[in-house]
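Fold and geometry: a report
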Amino acid sequence: MNNLSKKLMFFVLLLTSVFSFAQAVTEQFLVKGNCNMCKARIETTATKAGAISANWSAETQTLTIVLDESKVTCDTILKQVAEAGHDNEKFKASEDAYKALPACCLYTRGSDKNENVHTDSDEKQIEGVKITREKEATAISKKEAGLIFNISSKELLKAACCNLSESFETNATVDVSFSNAVTGTKQLKMLGLDQKYTLLTKEQLPEIRGLASAYGLNFIPGKWIGGIQLTKGGSTVVNGYESITGQINTELLKSHDDDKKSETEINLFSDNNGRVEANVTSTSPISDKWNQSVLLHGNGTFGDTDMNDDNFLDRPKGSQLNVAYLLNYNDLESSGFASHFGINFLKDERTAGQIGFNKRIPQKEQSLYGVGIDISRFQLWNKTGYIFKGKPYQSLGWMNQLTYHQQDSFFGLRNYYGKETSYYSNLIFESIIGNTNNKYKVGASFLYDKYDEDYLLDNYKRTETVPGLFAEYTLTGEKFTLVTGARVDFHNLAGTQFTPRMNFKYDLTPKTIFRISAGRGFRTANIFAESQSYFASNREIQVINDGGEIYGLKPEIAWNYGVSLQQEFKLFGRKSTLLADFFRTDFQNQVVTDLDESAQKILFYNLEGKSFANSFQTQWDFQPLKNLEFRVAYKYYDVALDYLSGLKKVPFMAKHRGFANLAYSTNKTEKGRFWSFDTTLNLVGKQRLPNTKSNPEEFQIGDYSPSYSTLNAQISRNFSEKIRVYLGGENLTGYQQKVAILDAGNPFGNYFDGGMVYAPIMKQNFYVGVDFKF
């Protein structure tokens, strides 16, 4: 064939293709399915049946097809999809075709819409029945390449969950512990490392970071939380560069698009140690496209709690007022636009220290030791998305957030004041290459942080500006999903940083999932804000300047690698899941917080040598009886770094931890009545403690803490769909650290230290609460 003939043939084919696309129409249909295997099967069947392109979403159970109606009809395509085993709004799969699907693809049969469904065996019409499958309290995502736990509001009802720090008490992955015996603050740890190495977001926007690091967990009330997504190991590059051990994203309570009813809930809570709390959450539609959420929270702690008789409050007294308003617009079906607006204001005031301390009198004018922490915080954010018409796989999203945070505080004779103004912007474009098995995201981000801190007589000011670019590619096969991405950020103080990440999932069998991940992360340390748990002591803070641009220190850089194996099986005919994972974090550079060099000092310096964290966890979820759920886990941590005095285990990190949770509920009556029972046992092994041998003998602690256990339990009664009462207890074993504060009798002396906390500082705590919905 000569060149002219080839050109003519190419031209004819091109005209034919153009004509075909000109005749194409786009239609959407409900198609039932579960996982990525379902997605591959549905889309392949649809294209083989004659569709030009096909895209199925597991989240919406919607198949979008582009077809030339002169060549094939929608009914022809949907009939073949049903023959492949997937019910849809026009045809129902035969029983044999449904049963032939792999176990992970066996969706709940029925229709989500009240539409007629045909069967292949007969042409009778069957009215669609609305099927609702109850969400699991905590579920491991089978679709995602990364190891992601979806924690629903049902899980949060198992414990008091007054704020985000208490939302993980029934979760085996996150460790929650007190970090200071004077301020009573709690911190999270994941994969054997402190909370600061986990990316904590709200609505996928940066949340607990910077000056909010120490107390930010108290800023998200538990009753505001609609759900939590917890990612272990390297998360997506789309959300930034700061994630090292993983990401915890909190979604606020919103109206559901398919539920046009208004709902208001009032929650009242109190415990036996003087804490009271009130929450009001209201979600309501404004119109067909607009809905709103009003979130109100107030709490106060008024009692003097001193369970170890050291004359120090076991937890601060004070109050918090927290208000948020969310406005949502959804017109995806018509214009393709959706937008979410949010505004939040918080005022938190706390007083701690010795019983009888008067915050209104300056510290220098009274002999009692006191701590005052006053925080004001304001946030304004927006997320807007657009789905291109006729291309449901192609979208553009833009997120923006402005945050102002101010803290005025003192710890005895030490003053700490901080102001932070932050602006974050993230622009994301998502589309496909050829078909939906090849997806990509590209975008640009910008982060602005302005800090102004005063510690004692020194002032520290800095401004960080970080423009960045990123790209991420997702390849989906019948049995695997690969997500690989990279970003480059141009930090004005830390220099140009390159952040690659990869997550890979392979379905060895329909019930056996293997995952592997690797990635890099970096962050700038806020040494004062992140180390406030040691401010309630008389340790001198010393920074060893290494020529860096931030407090004289360099940025922290680490690599994280992980593997996991997820196995589902039947035990005594009941569902059972076994998960085992191993993660390792290697620091290329780290800002070391050294408590060992001297018991009278805190040293900050850049790592010289190695620093690593090995984390192994195995978890077994089992449902031995209907309504009875059992979860048991074991965790092993090996965390060490090179201090000035040599390679040592990181303090306050137990090498061995055990976890068990048992949850049971009675059958729900027609009026919505039922009982729920939940109990959680934590076993914590011994922990290395900082070296205090330079103190007098009476103010020294051992090299290791003793092992201990804690038990939490809750009973709740739903009297109807609208009224719920719950009663619970925390630390029912009553274990308490005997000496939580060193030299508590002389808080202005050289040996006073409230930061040597390895166990609960309060004995049993009992609480009661009630929820009203209307």
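Scroll up a little and you will see the structure.
Summarised in this report is the structure supplied together with it. (Residues numbered from 1 in each chain as written. Predicted model: local features only at pLDDT ≥ 70, side-chain atom pairs only at ≥ 80, totals over all residues. Heavy atoms only, no water.)

As for helix H3 (residues 74-83)
For an α-helix, 3.6 residues make a turn, and residues three or four places apart therefore share a direction. To be explicit about the condition: Classification of residues uses two cut-offs on accessible area relative to the type maximum, computed with a 1.4 Å probe and protein chains only: under 20% is buried, over 50% is exposed, and between them is partly exposed. Helix and strand definitions follow DSSP, with helices as H or I runs of at least four residues and strands as E runs of at least two, each counted in order from the N terminus. For this quantity, the arc is that covered by the directions from the helix axis to the C-beta atoms.
Along H3, the residues that are buried comprise Cys74, Ile77, Leu78, Val81 and Ala82. The arc that holds the buried residues of H3, viewed along the axis, is 140°, so those residues lie on one side. One or two positions beyond H3, positive phi appears at glycine 85, with a value near 115°.

Details of the sheet that holds strand S29 (residues 540-543)
How we decide: Here, strands pair whenever DSSP counts at least two bridges between them. To get an axis, a line is fitted to the C-alpha atoms, and for a helix only the part in contact is used. The angle between two axes follows their N-to-C directions and goes from 0 to 180 degrees.
Within the open sheet, the three strands sit side by side as S29-S33-S32. Their pairing is mixed. Single-partner strands in this sheet number two, and they are S29 and strand S32 (591-594). Each strand axis lies, on average, 15° off the axis of its neighbour in the sheet, ignoring direction. Bridge analysis of S32 against strand S33 (residues 601-606) gives four bridges, and the strand direction is antiparallel. Each bridged residue has a counterpart across the sheet, and for valine 592 the counterpart in S33 is tyrosine 605.

Remarks on the pattern of salt bridges
Two side chains carrying opposite charge are able to pair once their charged atoms lie near each other. Put simply, the test is: In what follows, salt bridge is the name for a side-chain nitrogen of Lys or Arg lying within 4 Å of a carboxyl oxygen of Asp or Glu.
On inspection of all chains with the given rule, the structure shows 39 salt bridges. Note that glutamate 155 and lysine 158 form a salt bridge whose closest N and O atoms lie 3.5 Å from each other. In this structure, aspartate 489 and arginine 487 form a salt bridge, with 2.8 Å as the shortest nitrogen-oxygen distance. Within the structure, one salt-bridge network assembled from shared partners comprises Glu203, Glu251, Lys254 and Lys383.

Overview of the side chain of glutamine 401
Applied cut-off: We define a polar contact as two N or O atoms separated by no more than 3.5 Å, with the added condition that, inside protein, one atom must be a possible hydrogen donor and the other a possible acceptor, whereas residues neighbouring each other in sequence contribute only through side-chain atom pairs. Contacts: residue pairs with any heavy atoms within 4.5 Å of one another.
Position of glutamine 401 relative to the elements: it lies in strand S22 (residues 395-411). Reaching out from glutamine 401, the side chain makes a polar contact with the backbone oxygen of proline 206 at a distance of 2.8 Å. Apart from the residues within four sequence positions on either side, glutamine 401 is in contact with Leu205, Pro206, Gln379, Leu380, Trp381, Ser422, Tyr423 and Tyr424.

Focus on the sheet that holds strand S10 (residues 186-190)
Strand order across the open sheet formed by three strands is S9-S10-S11, with antiparallel pairing between neighbours. At either end of the open sheet lies a strand with only one pairing partner, and these are strand S9 (175-178) and strand S11 (193-194). Here four bridges tie S9 to S10, and the two strands are oriented antiparallel to one another. In the strand pairing of S10, serine 177 is matched with glutamine 187.

Some remarks on the environment of serine 716
Looking at where serine 716 falls in the secondary structure, it is placed in strand S39 (residues 708-718). The exposure class of serine 716 is buried, given its relative accessible area of 4%. Along the primary structure serine 716 and leucine 469 are separated by 247 residues, whereas in three dimensions their C-alpha atoms are 49 Å apart. Residues in contact with serine 716, not counting those within four places in the same chain, are Phe674, Trp675, Ser676, Arg724, Val725 and Tyr726.

Some points on the nonpolar core
Note the cut-off: Put simply, a nonpolar core is a bunch of buried Ala, Val, Leu, Ile, Met, Phe, Trp, Tyr and Cys residues held in one set by side-chain atoms that sit within 4.5 Å of each other.
Val182, Phe411, Tyr416, Ile527, Phe528 and Ile741 are the most contacted members of the largest nonpolar core, which totals 50 residues. At the level of elements, strand S20 (337-353), strand S21 (370-387), strand S24 (435-455), helix H6 (527-530) and S33 are the ones that each hand at least two residues to this core. Every residue in contact with phenylalanine 411, bar those within four places of it in the chain, is listed here: Thr183, Tyr215, Tyr369, Gly370, Val371, Ile373, Tyr416, Gln532, Phe535 and Ala536.

Some words on the pairing of S10
In terms of burial, S10 is a largely internal element, four of the five residues being buried. Where S10 and S11 come together, two bridges link them in antiparallel fashion. Residue pairing for S11: lysine 189 is matched across the bridge by aspartate 194. Hairpin connection, S10 to S11: the antiparallel pair is bridged by two residues, and leucine 191 has positive phi, about 55°.

Side note on the pairing of strand S31 (residues 574-589)
One face of the sheet, then the other: side chains in a regular strand alternate in exactly this way. Where strand S30 (residues 556-571) lies against S31, 15 bridges are found, and the strand directions are antiparallel. Among the inter-strand pairings, leucine 571 is bridged to a residue of S31, identified as arginine 574. In textbook terms, the turn of a hairpin is the stretch between consecutive antiparallel strands, and for S30 and S31 this stretch comprises two residues, one of which, phenylalanine 572, has a positive phi near 55°. Strand direction decides the pairing type here: S31 and strand S34 (residues 611-625), joined by eleven bridges, are antiparallel. Each bridged residue has a counterpart across the sheet, and for aspartate 581 the counterpart in S34 is glutamine 617.

Digging into the packing of aromatic side chains
Quick note on the threshold: Two rings from Phe, Tyr or Trp (for Trp, the six-membered ring) form a pair when their centres sit within 6.5 Å of each other. Planes less than 30 degrees apart are called stacked, planes more than 60 degrees apart edge-to-face, and all others tilted. Our definition puts a charge over a ring when NZ of Lys or CZ of Arg is within 6 Å of the ring centre and also within 35 degrees of the ring normal.
Taken as a whole and assessed by the stated rule, the structure comprises 30 aromatic pairs. Pairing tyrosine 241 with phenylalanine 522 gives two aromatic rings, centres 4.2 Å apart and planes at 15°, and the pair type is stacked. Here tyrosine 241 is found in the loop between strand S14 (225-232) and strand S15 (246-252), whereas its partner phenylalanine 522 is found in strand S28 (residues 512-523), with 281 residues between them in sequence. Residue classification places tyrosine 241 among the buried residues on the basis of a relative accessible area of 7%. Considering the side-chain rings of tyrosine 369 and phenylalanine 752, the 4.9 Å spacing of their centres and the 55° angle between planes classify their relative orientation as tilted. Highlighted residues: tyrosine 369 in the loop between S20 and S21 and phenylalanine 752 in the loop between strand S40 (723-730) and strand S41 (765-773), separated in sequence by 383 residues. Residue classification places tyrosine 369 among the buried residues on the basis of a relative accessible area of 1%. Accessibility expressed as a relative area gives 1% for phenylalanine 752, which makes it buried. Here a set of aromatic residues connected by ring pairs shows up, and it is made of Phe411, Tyr416, Tyr455, Tyr460, Phe528, Phe535 and Tyr551. The ring of tyrosine 704 has lysine 686 sitting right over it, with the charged end atom 4.9 Å from the ring centre. Just above the ring of phenylalanine 719 sits the side chain of arginine 717; from NZ or CZ to the centre is 5.4 Å.

Here's the deal with the side chain of asparagine 279
Following the sequence through the fold, asparagine 279 ends up in strand S17 (residues 275-285). According to the relative accessible area criterion, asparagine 279 is buried, its value standing at 1%. Once residues within four sequence positions are removed from consideration, asparagine 279 is found in contact with Pro221, Lys223, Trp224, Glu265, Ile266, Asn267, Leu296 and His297.

Here's the deal with the packing of helix H2 (residues 36-48) against H3
Using the following cut-off: Oblique is the label for every angle not falling under 35 degrees (roughly parallel), over 145 degrees (roughly antiparallel), or within 65 to 115 degrees (roughly perpendicular). For any helix crossing, the convention is left-handed if the near helix is rotated counterclockwise from the far helix by under a right angle, and right-handed if that rotation is clockwise. Residues are grouped as follows: nonpolar covers Ala, Val, Leu, Ile, Met, Phe, Trp, Tyr, Cys and Pro; charged covers Asp, Glu, Lys and Arg; every other residue, Gly included, is treated as polar.
Across the interface, H2 lies against H3 with an axial gap of 9 Å and an inter-helix angle of 140°. In terms of axis orientation, H2 runs oblique to H3. Judged by the twist between their axes, the crossing of H2 over H3 is right-handed. Of H3, the residues touching H2 (which contributes Ile42, Thr45 and Ala46) are Ile77, Gln80 and Val81. For the contact of H2 with H3, the per-class residue count stands at four nonpolar, two polar and no charged.

As for the environment of threonine 679
Inspection of the secondary structure puts threonine 679 in strand S38 (residues 674-684). Expressed as a C-alpha distance, the spacing of threonine 679 and glutamate 730, which sit 51 residues apart in the sequence, is 9.8 Å. Leave out the neighbours within four places in its chain, and threonine 679 touches Ala660, Asn661, Leu662, Leu711, Asn712 and Ala713. Within the structure, threonine 679 has its side chain in polar contact with the backbone oxygen of asparagine 712 (distance 3.2 Å).

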